[in-house]
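Summary of the model geometry
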Amino acid sequence: MNTFSEPRFHDEDAARAWFEAAIWPTGPKCGHCGEAEKRYTTKRPGRYRCGNPACRKDYTVTTGTVMESSHAKLTQWAMGFWLAASSKKGFSAHQLHRALGCQYNTAWFMHHRIMEAMRQGGLDLPPMGGNGQIVEADETYFGPVESAKMRTAPTRGGKFTKGGKTGPSNKRAIVTLVERGGKVRSFHVPRADKATVSKIVTDNIHHESRLHTDESRLYFGAGDFFTAHETVNHSAKEYARGDVTTNSAEGYFSIFKRGMRGVYQHCSEKHLLRYLAEYDFRYNHREALGFDDETRTIAAVKAGESKRLTYHQAN
């Protein structure tokens, strides 16, 4: 069946029912106080009134989510989430603008909120790896630094990177951790120096893991924190030695850069974290981990709960 012929992309009632099933699988829940048991149906379809005496507020399926206070139709949101989840290398706001037939500022508004829904983070994230599992760590540089405070002169003296060379000056640094056959976690950092990279690695990887990196000096001493620290020497054209490799991280960077160059073409530095979150989300919900386009879309919608952004643009 043609996916875009499904009712949720053309009928508001069908779209609302689909979002309610995705966000409220066990029934409506107040987006203000979280009350799920006490509720009243109002005369307006899809609007409920909280039965909690301390709340008593009206709410809909969009309350408390990235869709709250949006003037876009639910059918447009359904299409936006689907495109974000199924477009393997990303989708641009201009592409969404053409697909929905809406104004560009509406498409931009939706695009950034969908990326915000896909963003993971917080102190509740479990450490990666563990039980001897392999975690790869690598860094890359993409796009020019825009903030004057983050501009750096060519490094002299201490050489930390591959082949005794320093990292690119005035480039946006990205550090990525990848579980072998598992999930990815990416970070945009002001500078990829040893202190910054070491903190990311030690804070996010379980100490009972095997850490695989290239020969960069950014990771020197990491073996003290993990079961093992094994490296490959890229400057000597060594890309794998047995199961020691950083090819998973390199593969992720390839997908990210192809999408950024071919689909988005330009990304403001202040929004780079959201673009990374989008690519992380699709990688963490790929087919190899048991997701298809539909379940990935539902996961993105669910992830948008409690992530309301307070600024918005009108149609």
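Residues numbered from 1 in each chain as written. Predicted model: local features only at pLDDT ≥ 70, side-chain atom pairs only at ≥ 80, totals over all residues. Heavy atoms only, no water.

Remarks on the sheet that holds strand E7 (residues 210–213)
Applicable threshold: Any two strands are treated as partners once DSSP identifies two or more bridges connecting them. Runs of H or I in DSSP of at least four residues are treated as helices and runs of E of at least two as strands, each being numbered from the N terminus. To get an axis, fit a line to the C-alpha atoms, keeping to the stretch in contact for a helix; angles then go from 0 to 180 degrees between the N-to-C directions. What makes two residues a contact is simply this: any of their non-hydrogen atoms within 4.5 Å.
Ordered in space as E6-E5-E4-E7-E8, the five strands form an open sheet in which the pairing is mixed. The open sheet has two edge strands, strand E6 (184–189) and strand E8 (228–231), and neither has a second partner. Each strand axis lies, on average, 25° off the axis of its neighbour in the sheet, ignoring direction. Where strand E4 (residues 134–144) lies against E7, three bridges are found, and the strand directions are parallel. Looking at the pairing, Val135 lines up with Leu211 of E7. Packing of helix H6 (residues 247–264) onto the sheet brings it into contact with E4, strand E5 (171–179) and E6, and relative to E4 it is tilted by some 25°.

A few points about the nonpolar core
Note the threshold: For this analysis, a nonpolar core means a set of buried residues of the types Ala, Val, Leu, Ile, Met, Phe, Trp, Tyr and Cys, connected via side-chain atoms within 4.5 Å. Using a 1.4 Å probe on the protein chains alone, a residue whose accessible area is under 20% of its type maximum counts as buried, one over 50% counts as exposed, and one in between counts as partly exposed.
Counting residues in hydrophobic clusters, the biggest one holds 55 residues, and the most contacted among them are Phe19, Trp77, Phe81, Tyr252, Phe256 and Met260. The biggest single contributor to this core is helix H2 (residues 74–86), with eight residues. Excluding residues within four positions of it along the chain, Phe81 makes contact with Phe19, Val66, Met67, Ile114, Ala117, Thr297, Ala300 and Val301.

Focus on the side chain of Thr140
For the record, the criterion: What qualifies as a polar contact is a pair of N or O atoms within 3.5 Å, subject to a donor-acceptor requirement within protein and to the restriction that residues adjacent in sequence count only when both atoms come from side chains.
Structurally, Thr140 can be placed in strand E4. A polar contact of 2.6 Å, which involves the side chain of Thr140, links it to the side chain of Lys257. Beyond its immediate stretch of four places on either side in the chain, Thr140 contacts Arg172, Ala173, Ile174, Phe253 and Lys257.

Re the sheet that holds strand E1 (residues 39–41)
Taken in spatial order, the three strands of this open sheet run E1-E2-E3, and their pairing is antiparallel. The two strands at the open ends of the sheet, each matched to only one other strand, are E1 and strand E3 (58–59).

Some words on the packing of H6 against helix H7 (residues 272–284)
When two helices pack together, you describe them by how their axes are tilted relative to each other and by the distance separating the axes. Which entries qualify depends on this criterion: These descriptions rest on fixed angle ranges, namely under 35 degrees for roughly parallel, over 145 for roughly antiparallel, 65 to 115 for roughly perpendicular, and the rest for oblique. In a left-handed crossing the near helix is turned counterclockwise from the far helix by less than a right angle, and in a right-handed crossing that turn is clockwise. For this scheme, ten residues count as nonpolar: Ala, Val, Leu, Ile, Met, Phe, Trp, Tyr, Cys and Pro. Four count as charged, namely Asp, Glu, Lys and Arg, and the remainder, Gly too, count as polar.
Running from N to C, H6 and H7 point in directions that differ by 125°, and their axes come no closer than 11 Å. Between H6 and H7, the angle is such that the two are oblique. Relative to H7, the crossing made by H6 is right-handed. Contact with H6, carried on its side by Ser248, Tyr252, Ile255, Phe256, Gly259, Met260 and Tyr264, involves Leu272, Tyr275, Leu276, Glu278, Tyr279, Asp280 and Tyr283 of H7 and no other residues of that element. Classifying every residue of the contact of H6 with H7 by side-chain character gives 10 nonpolar, two polar and two charged.

Describing the environment of Met118
With respect to the helices, strands and loops of the structure, Met118 is situated in helix H4 (residues 104–118). In this structure the C-alpha to C-alpha distance between Met118 and Glu278, which are 160 residues apart in sequence, comes to 5.7 Å.

So, the confidence of the model for the protein chain
This is how the line gets drawn: What pLDDT expresses is the predictor's confidence in each residue, scored from 0 to 100.
For the protein chain, per-residue confidence averages 89 on the pLDDT scale, and residues scoring 70 or more make up 89% of the total. Between residues 152–159, whose pLDDT stays under 50, and residues either more than four places distant or in other chains, the model counts 10 contacts.

A short note on H7
Stated formally: In this scheme, a helix's expected span is set at 1.5 Å multiplied by one less than its residue total.
Its 13 residues place the ends of H7 18 Å apart at the C-alpha level, agreeing with the 18 Å of an ideal helix rising 1.5 Å per residue. In terms of burial, H7 is a largely internal element, 12 of the 13 residues being buried. When H7 is considered as a whole, its buried residues turn out to be Leu272, Arg274, Tyr275, Leu276, Ala277, Glu278, Tyr279, Asp280, Phe281, Arg282, Tyr283 and Asn284. In this structure, the buried side of H7 is in contact with H2, H4, E5, E6, H6 and helix H8 (293–303).

Some remarks on unusual backbone geometry
Here Arg56, not a glycine, exhibits a phi torsion of approximately 60°, which is positive. Phi is positive for Lys237, close to 60°, though the residue is something other than glycine.

Focus on the environment of Thr41
Relative to the helices and strands, Thr41 is located in strand E1. Taking relative accessible area as the criterion, Thr41 reaches 66% and is therefore assigned exposed. Not counting chain neighbours up to four residues away, the residues in contact with Thr41 comprise Arg47 and Tyr48.

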